[in-house]
Amino acid sequence: MPKLLLKFNAAVLKEISFDKPLMSVGRKPDNDIVIDNPAVSGHHCRLSLEGGAYFVEDLASTNGTYVNDKRVQKSGLRHGDMVGIAKHALVFIEDIPAEPAAPEEPATAPVVSAPQGPAAASKPAGQPEGGKMGWLRVLKGAAGKSEYELSAMSSYIGKSDRVQILIQGAGLFGSAPEVAASIHRKAEGYVLVAVTDGYPRLNGVAVSGGVLLKEGDLIECGGTTMQFNLRDAAAG
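Residue positions within a chain follow its written sequence, with the count starting from 1. Owing to the predicted nature of the model, reporting of local features is limited to residues with pLDDT of at least 70; listing and counting of side-chain atom pairs is limited to 80 or more, with chain, interface and lining totals taken over all residues. Excluded from the side-chain calculations are hydrogens and water; all other atoms, namely the structure's heavy atoms, are used.

Salt bridge, as used here, is a side-chain nitrogen of Lys or Arg placed within 4 Å of a carboxyl oxygen of Asp or Glu. Here the structure, examined in full by the defined rule, presents five salt bridges. The partner of glutamate 57 in a salt bridge is arginine 46, and the shortest N-O contact between them spans 3.3 Å. One end of the pair, glutamate 57, is in strand 6 (residues 53–58); the other, arginine 46, is in strand 5 (residues 45–50), with 11 residues separating them in the sequence. Per-residue accessibility, obtained with a 1.4 Å probe over protein chains only, is compared with the maximum for each type, and a residue is labelled buried under 20%, exposed over 50%, and partly exposed between these values. Overall, arginine 46 belongs to the partly exposed group, its relative accessible area being 32%. Its salt-bridge partner being glutamate 147, residue arginine 231 comes within 2.5 Å of it at the nearest N-O pair. One end of the pair, arginine 231, is in strand 22 (residues 224–232); the other, glutamate 147, is in strand 13 (residues 147–149), and 84 residues separate them in sequence. Helical segments are the DSSP runs of H or I of at least four residues, strand segments are the runs of E of at least two, and each set is numbered from the N terminus.

Okay, here's the thing in structure tokens:
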């Protein structure tokens, strides 16, 4: 079941299940999602499931509805899209179930195919086994910080000011999108998902869909290169 993350600036306020075919958003209390802010219209926009696809539609709001910083009247939603409502945002997250490993496969077998390279030779990242936590270390290019701890269930990468991992906009493989990719903590480890299909590169190879990360993997987004590592959760 898809879900929505209600955010104010960078803070996540709540997680909402998208469990109805139609959900209204606005300031008035009769909405399914109430945002108590004077910049939000009484009935600001609605989210809907139509023919198996998800949409957001503006309801003639005063300040408009945005998808990835572009004002829209009605727009389809894809995994990782950010619906801007004044200073709030709803991040649309689709379930991307990881492919289970076959019983006869060794525990270290990847669940999804991953690009291979020198940096990808080490063991797959497990879900904090022995207190291990995933980190991204910035090796090249501009970013909001030099390191990022992947402690959240989902971390988004892009040049939008609403993502958790802010990257440089332009690079060798083109301008970075507002939301380029996401990293999700799952039972089998950390999974890199291409929000903009084929855009992020893992060990020099364009990514489509989801890829299980291994320690030492190199992730390229725009002009920024980051390395995935595992550390003890208590390590700084």
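Still more to cover.
Once that is clear, we can look at the sheet that holds strand 22. Taken in spatial order, the six strands of this open sheet run 13-12-22-21-18-19, and their pairing is antiparallel. Taken across any chain shown, the strands that pair with only one partner, and hence form the sheet edges, are strand 13 and strand 19 (205–206). Strands are treated as partners if at least two bridges between them are detected by DSSP. As defined by bridge partners, strand 18 (residues 201–202) adjoins strand 19 across two bridges and the pair is classed as antiparallel. Bridge pairing in strand 19 places leucine 202 opposite valine 205.

What follows covers the sheet that holds strand 4 (residues 33–34). Taken together, five strands build an open sheet; the order of strands is 4-3-5-6-9 and the sheet is mixed. With partners counted over all chains shown, the strands left at the sheet margins are strand 4 and strand 9 (74–76), one partner each.

Within the secondary structure layout, alanine 60 lies in the loop between strand 6 and strand 7 (65–67). Alanine 60 gets classed as exposed once you look at its relative accessible area, which sits at 71%. For alanine 60 and cysteine 45, which are 15 residues apart along the polypeptide, the C-alpha to C-alpha distance reads 7.9 Å.

This part takes up the nonpolar core. Core analysis: the biggest nonpolar cluster contains 25 residues, and Leu136, Ile157, Ile183 and Ile219 have the highest contact counts within it. Take this core: its biggest share by element is four residues, from strand 12 (residues 132–140). Leaving out residues up to four positions away in the same chain, isoleucine 157 has contacts with Leu136, Val163, Ile165, Ile167, Glu178, Val179, Ala180, Ala181, Ile183, Cys221 and Met226. Counting 20 residues, the second-largest nonpolar core is a separate cluster that includes Leu6, Phe18, Ile33 and Leu77. Residues grouped as a nonpolar core are buried Ala, Val, Leu, Ile, Met, Phe, Trp, Tyr and Cys residues, joined through side-chain atoms within 4.5 Å. Contacts: residue pairs with any heavy atoms within 4.5 Å of one another.

So, on to unusual backbone geometry. Phi is positive for alanine 60, which is not a glycine, with a value near 55°. In the Ramachandran plot, aspartate 69 falls in the positive-phi region, its phi being about 75° despite a non-glycine side chain. Tracing the sequence through the fold places aspartate 69 in the loop between strand 7 and strand 8 (70–72).

It is worth spelling out the packing of aromatic side chains at this point. Any two of the Phe, Tyr and Trp rings considered here, Trp counted by its six-membered ring, make a pair once their centres fall within 6.5 Å; the pair's planes then place it as stacked at under 30 degrees, edge-to-face at over 60, or tilted in between. Counted by the stated rule, this structure contains four aromatic pairs. Here tyrosine 54 and phenylalanine 92 contribute two aromatic rings whose centre-to-centre distance is 5.3 Å and whose plane-to-plane angle is 45°, an arrangement assigned as tilted. You can see tyrosine 54 sitting in strand 6 and its partner phenylalanine 92 sitting in strand 11 (residues 88–93), a full 38 residues away along the chain. Phenylalanine 92 carries the same exposure label as tyrosine 54, and that label is buried. Pairing tyrosine 190 with phenylalanine 228 gives two aromatic rings, centres 5.5 Å apart and planes at 55°, and the pair type is tilted.

Across the chain, the average pLDDT comes to 79, with 75% of residues at or above 70. Averaged over each element, pLDDT in the chain is lowest for strand 14 (residues 154–158) (81) and highest for strand 3 (residues 22–26) (96). Per residue, pLDDT captures the predictor's confidence, and it can take any value from 0 to 100. Per-residue pLDDT stays below 50 along residues 98–102; that stretch engages in six contacts with residues further than four places along the chain or on separate chains. The low-confidence segment residues 105–128, where pLDDT is below 50, has 58 contacts with residues more than four positions distant or belonging to other chains.

What follows concerns the pairing of strand 6. The side chains of a regular strand alternate, residue by residue, between the two faces of the sheet. Of the two faces of strand 6, only one is covered, namely that formed by Tyr54, Val56 and Asp58; the face formed by Ala53, Phe55 and Glu57 stays uncovered. Hairpin geometry of strand 5 and strand 6 is characterised by an intervening segment of two residues between the two adjacent antiparallel strands and by a positive phi of about 60° at glycine 51. Looking at chain direction, strand 6 and strand 9 are connected through three bridges and run antiparallel. Looking at the pairing, glutamate 57 lines up with lysine 74 of strand 9.

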